[in-house]
Structures are given as structure tokens and as C-alpha cells.
Amino acid sequence: MNLKLKALLQTAGILVVTSTIAVGVQLLFTTLTAKELTNILAVGSITFLIYCMYQVVLSRLEYEQKVEEITQK
């Protein structure tokens, strides 16, 4: 697959995902109450923070493992 076709496919994919997200957000805002939106935002924020914490711990463990491999050589 040449680069122009690959770039075209990736651009189309990005546009499809963006459009889908826009329609989904619009539907959420028109069907949910303010309290439900607040709860969703709170749960989403907590989930994102847990994911960030996981990534930090994973990076630290990978770094320690690489340092240990280097020092054993």
C-alpha cells in the first residue's frame, strides 16, 4: 500500500470517528439531565485518573526492569 492511499484511509477513519463522536455527544446532551451528565463526567474523570495512575506505575516498572537488565550486562 503506498503512502498516499494509507494517508487517505487514515484521514477517512479520523473523519468517521470524529463525526460519530459529535453525533453521540449531541444525543447525550439532548436526552440526559444535568444530574446524569454530572455523574457521567465524575465517573469518567475518576476512570481517566485511574488509567493515568496505571500508566505511571507501568512506566516505572518497565524502567526498573530495563535498568536491571542493563546493570546485569
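Structure: see above.
Criteria and thresholds
Residues numbered from 1 in each chain as written. Predicted model: local features only at pLDDT ≥ 70, side-chain atom pairs only at ≥ 80, totals over all residues. Heavy atoms only, no water. Helix = DSSP H or I, 4+ residues; strand = E, 2+ residues; numbered from the N terminus. Rg over C-alpha atoms; globule rule 2.2 N^0.38 Å. Buried < 20%, exposed > 50% of the residue type's maximum accessible area, 1.4 Å probe, protein only. Lys, Arg positive; Asp, Glu negative; His and termini not counted. Charge placed at Lys NZ, Arg CZ, Asp CG, Glu CD. Patch = residues over 30% accessible without salt bridge, like charges linked within 9 Å, V, L, I, M, F, W, Y side chains within 5 Å. Areas by Shrake-Rupley, 256 points an atom, 1.4 Å probe, with all protein chains shown as cover. Salt bridge = Lys/Arg side-chain N within 4 Å of Asp/Glu carboxyl O.

Enquirer: I'd like to hear about the overall build of the chain, residue by residue, with values.
Expert: In terms of regular secondary structure, the chain is built from two helices and zero strands. What you see for the chain is a C-alpha radius of gyration of 21 Å, clearly larger than the 11 Å of a compact globule of 73 residues, by over 25%. Its C-alpha atoms give the chain principal-axis dimensions of about 60 × 45 × 5 Å. The buried share among the 73 residues of the chain stands at 0%. Of note, the chain has its 6 positive side-chain charges centred 12 Å away from the centre of its 5 negative side-chain charges.

Enquirer: Any details on the environment of Thr-18? Residues and values, ideally.
Expert: When you line up the elements, Thr-18 lands in helix H1 (residues 3-31). Each C-alpha atom of the pair Thr-18 and Leu-61 lies 34 Å from the other, and the pair is 43 residues apart in sequence.

Enquirer: Give me the lowdown on a nonpolar patch on the surface, citing residues and values where you can.
Expert: A cluster of nonpolar side chains, contributed by Ile-46, Ile-50, Met-53, Val-57 and Leu-61, occupies part of the molecular surface with about 460 Å² of accessible area. You can see Leu-61 is positioned in helix H2 (residues 34-72). Classification of Leu-61 as partly exposed rests on a relative accessible area of 43%.

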